[in-house]
Amino acid sequence: MHFAAQFRAAIGIRPHEYLLKRRIERAQELLKQADVSLVDVALTIGFQTQAHFTTVFKRFAGDTPYQWRSAYLAQCMPLPRAGAGSS
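Keep in mind that what you see is a predicted model, and the values were worked out from it rather than measured.

(A) View of the overall build of the protein. Across its full length, the protein holds five helices and zero strands. In sequence order, the secondary structure elements of the protein are arranged as α-α-α-α-α. For the protein, the residues scored as buried account for 24% of the 87 residues in total. Within the protein, counting contacts between residues at least 6 apart in sequence, those at least 24 apart form 46% of the total. For the protein, the accessible surface area stands at approximately 6400 Å², while carbon and sulfur atoms represent 56% of it.

(B) Looking closely at the nonpolar core. Residues Ala27, Leu31, Val41, Ile45, Phe47, Phe53 and Phe57 are the most contacted members of the largest nonpolar core, which totals 15 residues. Within the residue set of this core, elements represented by two or more residues are helix H2 (15-31), helix H3 (38-44) and helix H4 (50-61). By residue number, the principal contributor to this core is H2, which donates five residues.

(C) Spotlight on the pattern of salt bridges. What the rule picks out here adds up to four salt bridges. Among the salt bridges present, the one from Glu17 reaches Arg59, with a minimum N-O distance of 3.6 Å. Here Glu17, found in helix H2, pairs with Arg59, found in helix H4; they are 42 residues apart in sequence, far enough to count as distant. By relative accessible area, which is 51% here, Arg59 ends up exposed. Each of Arg14, Glu17 and Arg59 takes part in salt bridges that share partners, so that together they form one network.

The rules behind each value
- Along every chain, residues carry numbers that run from 1 in the direction the sequence is written.
- Note on the predicted model: pLDDT of at least 70 is required for a residue's local features to be given, and 80 or more for side-chain atom pairs to be given and counted; whole-chain, interface and lining totals, by contrast, use all residues.
- Calculation of side-chain values draws on the structure's entire complement of heavy atoms; hydrogens and water are dropped beforehand.
- Comment: elements are numbered from the N terminus, with helices defined as DSSP H or I runs of at least four residues and strands as E runs of at least two.
- In this scheme, a residue with accessible area under 20% of its type's maximum is buried, one over 50% is exposed, and one in between is partly exposed, where area comes from a 1.4 Å probe on protein chains only.
- Here, residues are in contact when the closest pair of their heavy atoms is within 4.5 Å.
- Each accessible area value is a Shrake-Rupley result obtained with a 1.4 Å probe; residue values ignore everything except the protein chains displayed when judging cover.
- We define the nonpolar core as a collection of buried residues of types Ala, Val, Leu, Ile, Met, Phe, Trp, Tyr and Cys that are connected through side-chain atoms lying within 4.5 Å of one another.
- Should a side-chain nitrogen of Lys or Arg be within 4 Å of a carboxyl oxygen of Asp or Glu, the pair is scored as a salt bridge.

Here it is, written out as C-alpha cells:
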C-alpha cells in the first residue's frame, strides 16, 4: 500500500493503470505492423485473451484494436486517387 500511495503521488495514476497504459502503448506499436494478428498482439503484451485485450484497449484508446489498426493503416497508406495515372 505504501508503494502504491507513493507511486500515485509521484506519477499521478495508480501502478496498475500505469502498467496497462504502457501495455496499450506497446500494443499500438505492434498494431502498426499489418502482418501481426490481434491474438498475437494480445498475448505478446501479457493479456490472457483477445477479448480482455480488446476491452482494455478500447478503454484507453477509444477504439477496438481492429478499428485502431484500420484507421492507422488508412492514414498511412491512402488509396490512390481516381484518374491519377490515366492520360
